[in-house]
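Given next are the chains, with one letter for each unit.
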Amino acid sequence: MNLLGDAIRAAQRGWHIFPVQPGGKTPHLIQPDKPYQIRWSQEATTDVAKILSYWQWSPQANIGIACAPSRLFVVDCDLPKTEYQLKGTLFAGLHETWGPLVDGTDVYRALCERLGIGWDTANDTYRVCTGSMGCHYYYRWPDGIKASQASIIKGLVDVRGNGGERGGYVLGAQSLTDKGPYIAENDLPVADCPPALVQYLTDGARDITPASLSDFVQPSGTGTITGLEASVLNAPEGNRNNVLLWAARAAANDSMPMQEVIDVLGEAYRMNGGDGGYRQAEQTIRSAYRLQSAKVSR
């Protein structure tokens, strides 16, 4: 199967790609007379001419997508490999509901619930079913923030982003391994990473222990919505949603009426050019109020 067309389509989405060994997950040899693996983080490209040269030499090469230059963050949910894999973690209680084998997607869904992120929001993005019947959830990661590469539950819910020395990579749709093909579940655009998830997954901001979800910074009181509105209006590109989340949590901490906050901060976010406009702002603010309510009730 020739994957050149799929490779070009991935690049046209703005993703930096590189060839991976046919049938495998290891970066490919770049030239037949030079038997070494490519430095994938340096060779990943959107340049169609380079992509043509790579896949003309090896048409069946799998498609590697470098997350950091592509501004992607991918949550990798897999099938369980052992029984009671969640024992000793924050999610151990899921075994009472689902039995000894719990799917990574169920863990991710439970995490989103604890963070105040509606599952419809988290799930409403481009997704790829992996060869092992897992699922990759693709998100746009905000500029200027370093993501942690630490697994949520190692081997069950892993992440790929811009952390570590070179960031991570995933196999793109239509890639094929000995476990099966990678198939796009939809053709949706890649959604912004939910702000509460960004906060949880920011490099250095979490310790993946059972207590970690109660460790969010408590917003300080402000007493007025005017300062919060100014913060949202002046938030820099790439960080607007995060500033909105912080401002909304501060408002919730001051017991400001949620609808008033939606009206004021939602309009400020829209005027500042925030992705998704007023509708996205409303979702973020409602998520912030749920998150803050959960924090206070602990």
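Structure's up top.
Residues numbered from 1 in each chain as written. Predicted model: local features only at pLDDT ≥ 70, side-chain atom pairs only at ≥ 80, totals over all residues. Heavy atoms only, no water.

**With respect to the sheet that holds strand β9 (residues 169-171)**
Within the open sheet, the three strands sit side by side as β1-β4-β9. Their pairing is antiparallel. Each edge of the open sheet is held by one strand with a lone partner, namely β1 (16-20) and β9. Ignoring strand direction, the axes of neighbouring strands in this sheet form an average angle of 35°. In this sheet, β9 lies alongside strand β4 (residues 62-66) in antiparallel orientation, the contact comprising three bridges. Within β9, the residue paired with G64 across the bridge is L171. Of the strands in this sheet, β1 and β4 touch helix α3 (residues 48-57), which is tilted by about 15° from β1. (Pairing = 2+ DSSP bridges. Helix = DSSP H or I, 4+ residues; strand = E, 2+ residues; numbered from the N terminus. Axes fitted to C-alpha atoms, helices over the stretch in contact; angles between N-to-C directions. Contact = heavy atoms within 4.5 Å.)

**Structural notes on the packing of helix α1 (residues 4-12) against α3**
The angle between the axes and the distance between the axes are what describe a pair of packed helices. Close contact between α1 and α3 brings their axes to 10 Å; oriented N to C, the two are set at 155°. With respect to their mutual orientation, α1 and α3 come out roughly antiparallel. Seen from above, α1 lies across α3 with right-handed handedness. In this structure, α1 uses L4, A7, I8 and A11 to contact α3, whose residues at the interface are V48, I51, L52 and W55. (Parallel < 35°, antiparallel > 145°, perpendicular 65-115°, else oblique. Left-handed = near helix turned anticlockwise from the far one by under 90°.)

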